[in-house]
Amino acid sequence: MKKLDAETSPEARQNPGTSSGAPLQVRGLAKRFGGVTALDGVDLSVASGEAVAVIGPNGAGKSTLLKLISGVHRPSEGEVWLGEQRLDRMSAHRVTRSGVALAHQVPQPFHGLTVRENVRVGAMASRPHPHPGEIDEILARCRLDTKASRPADSLRVLDLKRLEVARALATRPRVLMFDEVAAGLVGRELDEAIDLIRQVHGQGITVLLVEHIERVVRELVDRVLVLNWGRPLAEGTPAEIAANEEVRAVYLGDGDRAQASPARTAATAPASDTTALLALDSVSAGYGDMVALRDFSMRVESGQIVTVLGANGAGKSTLCATIMGAVEARSGSVHALGQDITGMAIHRRARLGIAHCQEGRRIFTGLTVAENLMLGAPLALAKDEVLGRMERVHTIFPVLAERATQQAGTMSGGQQQMLAVGRALMADPQVLICDEISLGLAPVAIDALYGALAEINSQGVAIVLVEQNVKRALGIADHAVVLSRGRVSYTGDPAGLLSDEALDAAYFGTTEDNIAEAGSSSLLSSSLLSSSAPRPLSASEGDPS
Amino acid sequence: MIRTTHRRTYALVGAALLAATAGCAGNASSSSGSSSDDGPIVIGTSISLSGNTVLNQIRDGYLLAVQQANAEGGLEVGGKKRKVELKVLDNRSDTNTMVQQVRSLVLTDKAVGLLGSCCQQNIDMQGQADALKVPLVMGALPIELLPEGKGYTWDSFQSLADGAKGFYEVAAGAKTNRKTLVVTNNDAQGTSTGKLWAGTGEKAGFTVTATKSVPTGTTDFSDVIKAGKSSGAQVLIASMTPPDCFAMWKQMKALAYKPKVAIGLQCAQTPGWGDLGTLGDGTLVQLNWSDTAGLPDTDLIVEKYGKKYTNLTDLGSVALGLHEATILLDAIKAAGSTDTEAINKALSKSTTVSAQGSVKFVDNKSVTPTFIGQWEDGAIKQVWPAKGGSPLASLSGLE
Amino acid sequence: MSIDVLAAGILAGGLYALIGLGISLVFGVLGLMNLAHGELVIGGAYLASLLVVDSGWDPLLALPLAMAGVALIAYPLQRYLLTPLLRGDKSAPLVATFGLSLLAQALFQGGFGTHPKSLPAPYATSGVSVLGLRIQTIYLIAFGLTVLLCAATHLVLTRTRAGSAVRAASADPATAAVLGINVPTVYAMTFTGAAVLAAAGGVLTGVAQSFTPTSGMPLLLTGMAVMALAGIGSVAGVLLAGVALGVLQSVSVQLFGGGMRDVVVYLAFFLVLAVRPQGLFRKAAG
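Residues numbered from 1 in each chain as written. Chains lettered and ligands numbered in written order. Predicted model: local features only at pLDDT ≥ 70, side-chain atom pairs only at ≥ 80, totals over all residues. Heavy atoms only, no water.

Honestly, the overall build of chain C in this entry has me stumped. Any pointers?
Within chain C, the regular secondary structure consists of eleven helices and two strands. Along chain C, from the amino end to the carboxyl end, the secondary structure elements read α-α-α-α-β-β-α-α-α-α-α-α-α. Burial analysis of chain C (286 residues in total) assigns 60% to the buried set. Taking the intrachain contacts of chain C between residues at least 6 apart in sequence as the baseline, contacts between residues at least 24 apart amount to 74%. With an accessible surface of roughly 10,600 Å², chain C has 73% of that area assigned to carbon and sulfur atoms. (Helix = DSSP H or I, 4+ residues; strand = E, 2+ residues; numbered from the N terminus. Buried < 20%, exposed > 50% of the residue type's maximum accessible area, 1.4 Å probe, protein only. Contact = heavy atoms within 4.5 Å. Areas by Shrake-Rupley, 256 points an atom, 1.4 Å probe, with all protein chains shown as cover.)

Encoded structure:
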């Protein structure tokens, strides 16, 4: 598909010539933050009135792309054009005035202002200012007319998203970009969100979607651009993309089960009377109105590797945060090492022997590698013991010894990830939670990391492995849990997920509505994207509804 | 001069005080009085008891006078003796609060006479007394500084000129080259004090060889000291806030500038000067009271407050308070009435003899004596006038 | 421009730096503008005065005790009052420190009276000759001690595990907590460290100058100016900024007279804020 990519670029550029209005053109766009390349060589052409989606796993550079187009960030390379106007050198507010608006994933209303005032502020970017009637019209279109004089803070999630769109519309955009606006919506809310975007598109506004939810993409756009690692991976119709093996690999991982854990012998099946090292019982958690994890139960026995899988937004990171205490469990209980830790402070959980290797590495970039490692060990620990642990980490990750005095931020992504895992190991944990540690890494780096995980586990550390890289994770795990929209859709032997059908069923739900809507395209039912399934159909447990 | 702490007005401090004090009342008196025929005679004061300026000593003097009067059964008004009630309100060094409190004292509490606070607040209070047509007796404001009013404000305090005159008499007695360094804060009071003292000095045969003005809060006086050294000044007149004087005295010593006579106006009379130890010895101060000058009620003041206040400055403030309140109480007695006009009229004819000497108002002003004191072994001794004073010692702290 | 003007400025700048360092530390790690910092400084001076004025100790002997005393007050204050407030609205702890500042002033006034106090010491009033310049000994001592304390702070922050915990909690408190670092304790320790520095500055100020219950505010303002000049996150920068401020004051008095001292200083302050908001001695972030 990469070769296709090279060919499509010039083609794509000719594309908009066929339609009138101002096409949005992105040419050779690249963005580097320090040493990290967030986006590289992206070409995209959106004809006037077209609807295009950009998809890709976490860290693929989707949001960066939107921010570059909307002028929030300045590209390191490349150009952005809207018709004859070059946008990439404009400041954000001038980009907005030129007719490009962005609706954010997390709504950002002005607190203390009413809904109408919020929209009016959005309208200040457009020249001439819209008259009050126009604002009323926008409010009505976004179904906010009855709530116009309410304070924005009082809105629920869906209405906040509507407000976000209304504010964007008030700038009279020619291109409206949606950054995962459907995230966190379920059921009818999702339908309404899709309706709203469709309606916007129907007005002739060019739509650029960044989306994880497959149904949104499928129902709204004609063309999909897949990004991975900041680079374009594929481009095509939703159906084409769904059938693309390479895209599939990106989403489900590249692992070869046979190779992933050569040295590892599976932990013996736990006897039923042993107390679990870590046990979650009917835990629910979330943020504000959103429930990200519903009635979740899981047990991790000592020496086990349990993998938690699921699409973006399935609740995996919320699960990690709930185990660690960064997110409060709204109901249910968390037990670890024989203690009820449901209400325990984060640092006390860490000292108890739970180490959390957070998504995005979260290393201290300003500190040296050695300082980062030492921070993983308890402060009260004797210096000898700290050095001893450091040596053990160095045996697992020799590169960390070589770079001990280097500033952590100057290392490559893979090395930073190793540092993050190494730092977690410095606590000498009994349970290691790894959240998306293979994200954005080259296969060779992932190999090294997974090799290290096997070794760590062989030393008796139980691992909770949260992954998008399904194949890799299944290859090493003793037990697998799949989350779908905050609920457990599969729990059991990883072998039960080995077939593509079984995996799809657990991951995305083999839902009737998918099939029905997809019509003849059975490929879409095994789509790579997230599912619109309102309920899990597989070996789910503990679903009260 | 009463000046208990420096009065730097940082915007933030001001805001702080406003924020902190808005809404909390500072009423030190409890029972609500009235000046009806049977109840006690109410007099009142809005005085600064917290914030930048704290005048507890003056308040104590006021209370002492009222105690004395009540111990004799009160004041005879309209043929019968009535007790006196003094309402004390703390205006927390805030002028707006003071204005409110004065109005409430007169209009709500029916105070028939008012007693002052200090310094600039006294000037501001004059307008209130004139507007309310209630007599106000005050001290702690040099009589030269009392603006012309409508005749309801009576100021019994030192004259600025007397202090300067006294100082130069003292300085003339010491062996100096009569070359003088004047250093003041660069505010209005500092500037006018500097001018007045320089003018008086020229007449007394002294030469001002260097004049410096510094902002309050100055900690580095090296350029002032350099000017003193290079001009050969052996007489030093400093009129600054206490922290400024503290820093300058330390630096003078360290940089070996050795004037023969030095006075610290506004600053050296603070009891904290004793903390300087031997460095403070020999420094001259201007006082409004001395326990060795044979003033009336000296024994009473020392007996009642000698333990609480161990230095001349604080006791002088008690004397000042006692003096002011006695003038007002005497006037009520002389008027034989609680009618404010009658009391005001009686004040103009006041012949009170109290802690600060005898009173005779001319243009609403009555001069009280001025003393020059000198620090020695952690205490201030009167050195001028010679009557009741000790001989001048050398400026040993800076030698 | 004579050399003694510069020398006086540099030496006075040492004290400014010492006070600015504590403010900068708390702001850098906790993100809290401690408006009660001036009172911590003055509190140190008052604690020392109990030993110096009342019991006749040498101020430099009283200094460590004053530092310890202020630390004992500062730790619970941060741990049990300010840290819980930090979790909520950012303005709550700011207002709280303002309240503490006023409360402390009232306590000083009640406990020690309003009269200015000073810590007598032989070196407060003695001078030494350095390169032909006569210098007040206490300023030399203060400068030396400041450099020492700055160096110690720098070493603790960069060479010890506790120091890297502080820097970690500053950079990413959430991750620090995940690593088992008790962030509230780190905050309290940092605040205590700043208070200890403040107390040292207070004792030195008390010896060199004097103090009253309300002298904290001007010290706070000076310290804030130092922090603004220095930017956040560099101990050496704070020292340089303090010296720069001292020299600026000294030179401006020499050139424009005493009346312009504060004007020039705050003009510089605003200029730096406008032109280099990240501070003079710090590279722009990102």
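What should I look at first to understand the sheet that holds strand 18 (residues 462–467) of chain A in this one?
Sheet strands associate in pairs through backbone hydrogen bonding, adopting either a parallel or an antiparallel arrangement. Residues and elements named next belong to chain A. Taken in spatial order, the six strands of this open sheet run 16-17-18-13-19-20, and their pairing is mixed. Two strands bound the open sheet, and with one partner strand each, they are strand 16 (354–357) and strand 20 (487–492). Averaged over neighbouring strand pairs, the angle between their axes works out to 15 degrees when direction is ignored. With five bridges joining them, strand 17 (residues 431–435) and strand 18 adopt parallel strand pairing. Opposite Asp435, over in strand 18, you have Val466 as the bridge partner. Along the sheet face, helix 17 (residues 413–425) touches strand 16 and strand 17 and points at about 170 degrees away from the line of strand 16. (Pairing = 2+ DSSP bridges. Axes fitted to C-alpha atoms, helices over the stretch in contact; angles between N-to-C directions.)

What is the right way to read the side chain of Asp435 of chain A from this model?
Looking at the secondary structure, you find Asp435 of chain A in strand 17. Sequence-distant contacts of Asp435 of chain A, defined by excluding residues within four places in its chain, comprise Ser317, Cys320, His356, Cys357, Gln358, Glu359 and Val466 of chain A.

Just checking my understanding: could you explain the interface of chain B and chain C for this structure?
Interfaces are frequently sized by the accessible area removed from exposure as the parts join. Between chain B and chain C, the residue contacts involve 44 residues of the former and 40 residues of the latter. Buried area between chain B and chain C, both sides added, is near 3,100 Å², and the carbon and sulfur share of it is 58%. Applying the counting rule to chain B against chain C returns one salt bridge. Of the charged contacts in the structure, one is a salt bridge between Lys117 of chain C and Asp275 of chain B, with a shortest N-O distance of 4.0 Å. Secondary structure elements with two or more residues in the side of chain B that touches chain C: helix 1 (11–21), helix 7 (222–231) and helix 8 (242–254) of chain B. If one sorts the elements of the side of chain B that touches chain C by residue count, helix 8 of chain B sits on top with eight residues. Looking at the side of chain B that touches chain C, its residues break down into 19 nonpolar, 17 polar and eight charged. (Buried area = accessible area lost by both parts, 1.4 Å probe. Salt bridge = Lys/Arg side-chain N within 4 Å of Asp/Glu carboxyl O. Nonpolar A, V, L, I, M, F, W, Y, C, P; charged D, E, K, R; others polar.)

Even after reading the chapter, I still don't get a nonpolar patch on the surface, so can you show me in this structure?
There is a patch of nonpolar side chains on the surface, built from Leu255, Phe256, Met260 and Val263 of chain C and spanning about 380 Å² of accessible area. With respect to the helices and strands, Phe256 of chain C occurs in helix 10 (residues 235–256). (Patch = residues over 30% accessible without salt bridge, like charges linked within 9 Å, V, L, I, M, F, W, Y side chains within 5 Å.)

Explanation requested: helix 2 (residues 56–71) of chain B in the structure shown.
Along an α-helix, residues three or four apart share an orientation, since each turn contains 3.6 residues. Residues and elements named next belong to chain B. Taking 1.5 Å of rise per residue, 16 residues should cover 22 Å, and helix 2 covers 22 Å from first to last C-alpha, within 8% of that figure. Of all the residues in helix 2, the buried ones are Gln57, Ile58, Arg59, Asp60, Gly61, Tyr62, Leu64, Ala65, Val66, Ala69 and Asn70. Here the buried face of helix 2 lies against strand 1 (41–47), strand 2 (75–77), strand 4 (84–90), strand 5 (113–115), helix 9 (298–305) and helix 10 (312–335). Positioned one or two residues after helix 2, Gly73 has a phi angle of 95 degrees, which is positive. (Expected span 1.5 Å × (residues − 1).)

Would you explain the environment of His323 of chain B in this entry?
Residue and element names in this part refer to chain B. Within the element layout of this structure, His323 appears in helix 10. Classification of His323 by relative accessible area gives buried; the value is 0%. Along the primary structure His323 and Gln356 are separated by 33 residues, whereas in three dimensions their C-alpha atoms are 6.0 Å apart.

Please explain the interface of chain C and chain A as it appears in this structure.
Across the contact, 18 residues belong to chain C and 23 residues belong to chain A. Three residues stand out in chain C for area buried against chain A, namely Arg161, Val178 and Leu179 of chain C, and they jointly supply 43% of the buried area on that side. Remark: the boundary between chain C and chain A carries two salt bridges. Taking the shortest distance from any N to any O, the salt bridge between Arg167 of chain C and Glu371 of chain A comes out at 2.4 Å. Counting only elements with at least two residues in the side of chain C that touches chain A, the list comes to helix 6 (161–171) and helix 7 (173–178) of chain C. Here the side of chain C that touches chain A gets seven residues from one element, more than from any other, and that element is helix 6 of chain C. Class assignment for the residues of the side of chain C that touches chain A results in ten nonpolar, five polar and three charged.

Sorry, what's going on with the packing of aromatic side chains here?
Aromatic rings considered in pairs are described by the distance between their centres and by the relative angle of their planes. Residue and element names in this part refer to chain B. All told, the structure shown has 13 aromatic pairs over all chains when counted by the stated rule. Seen in terms of ring centroids, Tyr168 and Phe206 are 4.9 Å apart; in terms of plane orientation they differ by 50 degrees. Their pairing is tilted. Residue Tyr168 is located in helix 5 (residues 160–173), and its partner Phe206 is located in the loop between helix 6 (188–203) and strand 9 (207–214); the two are separated by 38 residues in the primary sequence. Of the residues examined, Tyr168 reaches a relative accessible area of 2% and is grouped as buried. For Phe206, a relative accessible area of 3% translates into the label buried. Centroid distance Trp249 to Trp273: 5.1 Å. Interplanar angle 80 degrees. Geometry classified as edge-to-face. Taken as a pair, Trp249 in helix 8 and Trp273 in the loop between strand 11 (261–265) and strand 12 (284–287) lie far apart in primary sequence, 24 residues in all. In terms of burial, Trp249 and Trp273 fall into one category: buried. (Phe/Tyr/Trp six-rings, centres within 6.5 Å; stacked < 30°, edge-to-face > 60°.)

Please clarify how the confidence of the model for chain C should be interpreted in this entry.
Considering every residue of chain C, the mean pLDDT works out to 89; 98% of them sit at 70 or more. Confidence, expressed as mean pLDDT per element, reaches its minimum in chain C at helix 11 (residues 261–275) of chain C with 82 and its maximum at helix 2 (residues 37–52) of chain C with 96. (pLDDT = per-residue confidence, 0-100.)

Mind showing me how you'd approach the sheet that holds strand 6 (residues 136–138) of chain B here?
Residue and element names in this part refer to chain B. With parallel pairing, the six strands of this open sheet are ordered in space as 4-1-5-6-7-15. Strands with a single pairing partner mark the edges of an open sheet, and in this sheet they are strand 4 and strand 15 (365–367). Each strand of the sheet is rotated relative to its neighbour by a mean of 20 degrees, with strand direction disregarded. Across the sheet, helix 4 (residues 119–132) is in contact with strand 1, strand 5, strand 6 and strand 7 (153–157); its angle to strand 6 comes to roughly 165 degrees.

Can you help me understand helix 6 (residues 157–169) of chain A in this one?
Between its first and last C-alpha, helix 6 of chain A extends 18 Å over 13 residues, near the 18 Å set by a 1.5 Å rise per residue. Counting buried positions over the 13 residues of helix 6 of chain A gives 13, a clear majority of the element.

Teacher, can you tell me more about the packing of helix 2 of chain B against helix 9 of chain B here?
Working note: a packed helix pair is described by the angle between its axes plus the distance between those axes. Residues and elements named next belong to chain B. As a packed pair, helix 2 and helix 9 sit with axes 12 Å apart at the nearest point and diverge in direction by 110 degrees. One finds that helix 2 runs roughly perpendicular with respect to helix 9. Seen along the crossing, helix 2 lies across helix 9 with a hand that is right-handed. On helix 9, the residues touching Asp60, Leu64, Gln67 and Gln68 of helix 2 are Leu300, Lys304 and Tyr305. Counted by class, the contact of helix 2 with helix 9 contains three nonpolar, two polar and two charged residues. (Parallel < 35°, antiparallel > 145°, perpendicular 65-115°, else oblique. Left-handed = near helix turned anticlockwise from the far one by under 90°.)

Before we go on, may I ask you to explain the pairing of strand 13 (residues 305–310) of chain A in this structure?
All names here are of chain A. Extensive coverage of strand 13 is indicated by the burial of six of its six residues. Neither face of strand 13 is exposed, since Ile305, Thr307 and Leu309 on one face and Val306, Val308 and Gly310 on the opposite face are all buried. Of the strand pairs in this sheet, strand 13 and strand 18 are connected by five bridges, and their pairing is parallel. What sits directly across from Ile305, in strand 18, is Ile463. Bridge count between strand 13 and strand 19 (residues 479–484): five bridges; the pairing is parallel. Its bridge partner lying in strand 19, Thr307 is registered against Ala480.

What exactly am I supposed to notice about the pattern of salt bridges here?
Between side chains of opposite charge, a pair can form when the charged atoms approach closely. Residue and element names in this part refer to chain A. Taken as a whole and assessed by the stated rule, the structure comprises 29 salt bridges over all chains. One salt bridge in this structure joins Arg299 and Glu301, with 3.6 Å as the shortest N-O distance. On the basis of relative accessibility, which here comes to 9%, the residue Glu301 falls in the buried class. Note that Glu385 is salt-bridged to Arg389, the shortest N-O span being 3.5 Å. Taken together, the residues Glu385 and Arg389, both in helix 15 (residues 383–396) and four residues apart, mark about one turn of the helix. A relative accessible area of 35% places Glu385 in the partly exposed class.

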